[in-house]
Amino acid sequence: MRFSRVLRAGAIVAAASLALAACGTGSDDGGDSGSGGGDGGGTESLTIGIKFDQPGLGQKTPNGYEGFDVDVATYIAKELGVDAANIEWKESPSAERENLIKNGDVDFVVATYSITDERKQEVDFAGPYFVAHQDLLVREAETGITGPDSLNGKKLCSVTGSTSAQRVKDEFAEQAQLQEYGGYSECVSGLESGAVDAITTDNTILAGLAAANEGKFKLVGEGFSDENYGVGLKKGETQMRDDINAAIQKMFDDGAWAAAIEKNLGPAGFEAPEPPEITEK
């Protein structure tokens, strides 16, 4: 039975059991779910949606899953009393996140998921746990693209269902030609081959792509939006939302959040900013 169903039951016994599971943690687990570790012996499980193709954030590798979002999700799970070994990771492409949540295929999503009013009509959010900025990734030798004001006639690549793609449609449709793909690996191939002139999405994602393709690409460095990353969950799951918010705040306070940023995004030049204020309550 999924953890969220236990929460929905609202039974005092279940709540006590979760508290015991959270307190009964003590050993390190060398599993494949990130730095949150598998501390303990809880028996509950979670299905968590992440990206599988975002270096530094959410990536499936031969050794398991890694990235900042993976570490955040693992930390949250630990605070909910769920061992890292009992997490099932579910690939959550941008265009499918709402459906995965609403259909109950995941308990929650931690996948560079920007909080927007439109999305809040369909799902609830906890957080935010990070604030990113939309930027542009170009080839290393590119000098003609310096920011959103230099996109005339340029071919941009983004991912279907992302806020970045929607912003290009809303604000830059007359200047730029947008190509939407299912994943960022396809955008990287297009940029490398010359089929597109730039990739546009959050600077965190672009930094990870640049780090994974050292010497090939660079960030333009002129952000043109704020993207508040939240944890997406089914509407009405207020107890789950509150518990996730508490876990995020604890991660801010105990230094684990900054350490996760340094580990996963530091190699691309990121420094941990001040944590954002949790607003989704």
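Residues numbered from 1 in each chain as written. Predicted model: local features only at pLDDT ≥ 70, side-chain atom pairs only at ≥ 80, totals over all residues. Heavy atoms only, no water.

Student: Can you help me understand the sheet that holds strand β9 (residues 155-159) in this one?
Tutor: To summarise the sheet geometry, strands pair through backbone hydrogen bonds and adopt either a parallel or an antiparallel arrangement. Here we have 5 strands laid out as an open sheet, ordered β10-β9-β11-β8-β12, and mixed in their pairing. The open sheet is flanked by β10 (177-181) and β12 (217-219), the only strands paired with a single partner. Pairwise comparison of adjacent strand axes, ignoring direction, gives a mean angle of 30 degrees for this sheet. On top of the sheet, helix α5 (residues 163-171) reaches β8 (134-139), β9, β10 and β11 (198-202); it is set at about 155 degrees to β10, its chief contact. (Pairing = 2+ DSSP bridges. Helix = DSSP H or I, 4+ residues; strand = E, 2+ residues; numbered from the N terminus. Axes fitted to C-alpha atoms, helices over the stretch in contact; angles between N-to-C directions. Contact = heavy atoms within 4.5 Å.)

Student: Whenever I open this one, the sheet that holds strand β3 (residues 58-61) confuses me. Can you help?
Tutor: With antiparallel pairing, the 3 strands of this open sheet are ordered in space as β2-β3-β4. Each edge of the open sheet is held by one strand with a lone partner, namely β2 (53-54) and β4 (64-66). Pairing analysis gives 2 bridges linking β2 to β3, with the strands arranged antiparallel. Residue pairing in the sheet places Q54 in a bridge with G58 of β3.

Student: Would you mind going over the packing of aromatic side chains with me for this structure?
Tutor: Centre distance and the angle of the planes are the two values used to describe a pair of aromatic rings. Within this structure, the stated rule accounts for 10 aromatic pairs. Pairing F252 with W257 gives two aromatic rings, centres 5.1 Å apart and planes at 80 degrees, and the pair type is edge-to-face. Residue F252 is classed as buried on the basis of its relative accessible area of 10%. Taken together, the ring pairs connect F68, Y129, F130, Y229, F252 and W257 into an aromatic cluster. (Phe/Tyr/Trp six-rings, centres within 6.5 Å; stacked < 30°, edge-to-face > 60°. Buried < 20%, exposed > 50% of the residue type's maximum accessible area, 1.4 Å probe, protein only.)

Student: Could you clarify how one ought to interpret the layout of surface pockets in this entry?
Tutor: Rolled over the atoms, a probe sized like a water molecule indicates the empty space that remains. A volume near 400 Å³ is recorded for the largest pocket. For the largest pocket, the lining is made up of 21 residues, of which E118, R119, S162, T163 and Q166 are closest to its centre. Every element with two or more residues in the lining of the largest pocket is listed here: α5 and β13 (227-233). When residues in the lining of the largest pocket are grouped by element, the largest group, 7 residues, is from α5. (1 Å grid on protein atoms, 1.4 Å probe; cavity = no way out; pocket = protein on both sides within 12 Å on 5 of 7 lines; lining within 4 Å. Points joined across faces, edges and corners; volume = space filled by probe spheres on them.)

Student: Help me understand the side chain of T201, please; the structure alone is not making it clear to me.
Tutor: Within the fold, T201 resides in strand β11. Polar contacts involving the side chain of T201 include one to the side chain of Y184, which spans 2.9 Å. (Polar contact = N/O pair within 3.5 Å; in protein donor to acceptor, adjacent residues only side chain to side chain.)

Student: I would appreciate a short explanation of the nonpolar core in the present structure.
Tutor: Looking at soluble globular proteins, one finds that nonpolar side chains tend to be buried together. If you look at the biggest cluster of nonpolar residues, it comprises 53 residues, and the most contacted ones within it are I48 and F108. Considering each element in turn, this core owes the most residues, 7 residues, to helix α3 (residues 68-79). Those residues in contact with F108, other than ones at most four positions away along the chain, are L46, T47, I48, G49, I76, L80, V231, G232, L233, M240 and I244. Within the second largest apolar cluster, 10 residues are counted, among which are V138, I145, A176 and F224. (Core = buried A, V, L, I, M, F, W, Y, C linked by side-chain atoms within 4.5 Å.)

Student: Help me understand the pairing of β8, please; the structure alone is not making it clear to me.
Tutor: Strand residues, when the strand is regular, have side chains that alternate between the two faces of the sheet. Burial within β8 is extensive, with 5 of its 6 residues counted as buried. In this structure, β8 lies alongside β11, joined through 4 bridges in antiparallel fashion. In the strand pairing of β11, L137 is matched with I199. Pairing of β8 with β12, which is carried by 3 bridges, proceeds in the antiparallel orientation.

Read these as geometric descriptors, not functional statements.
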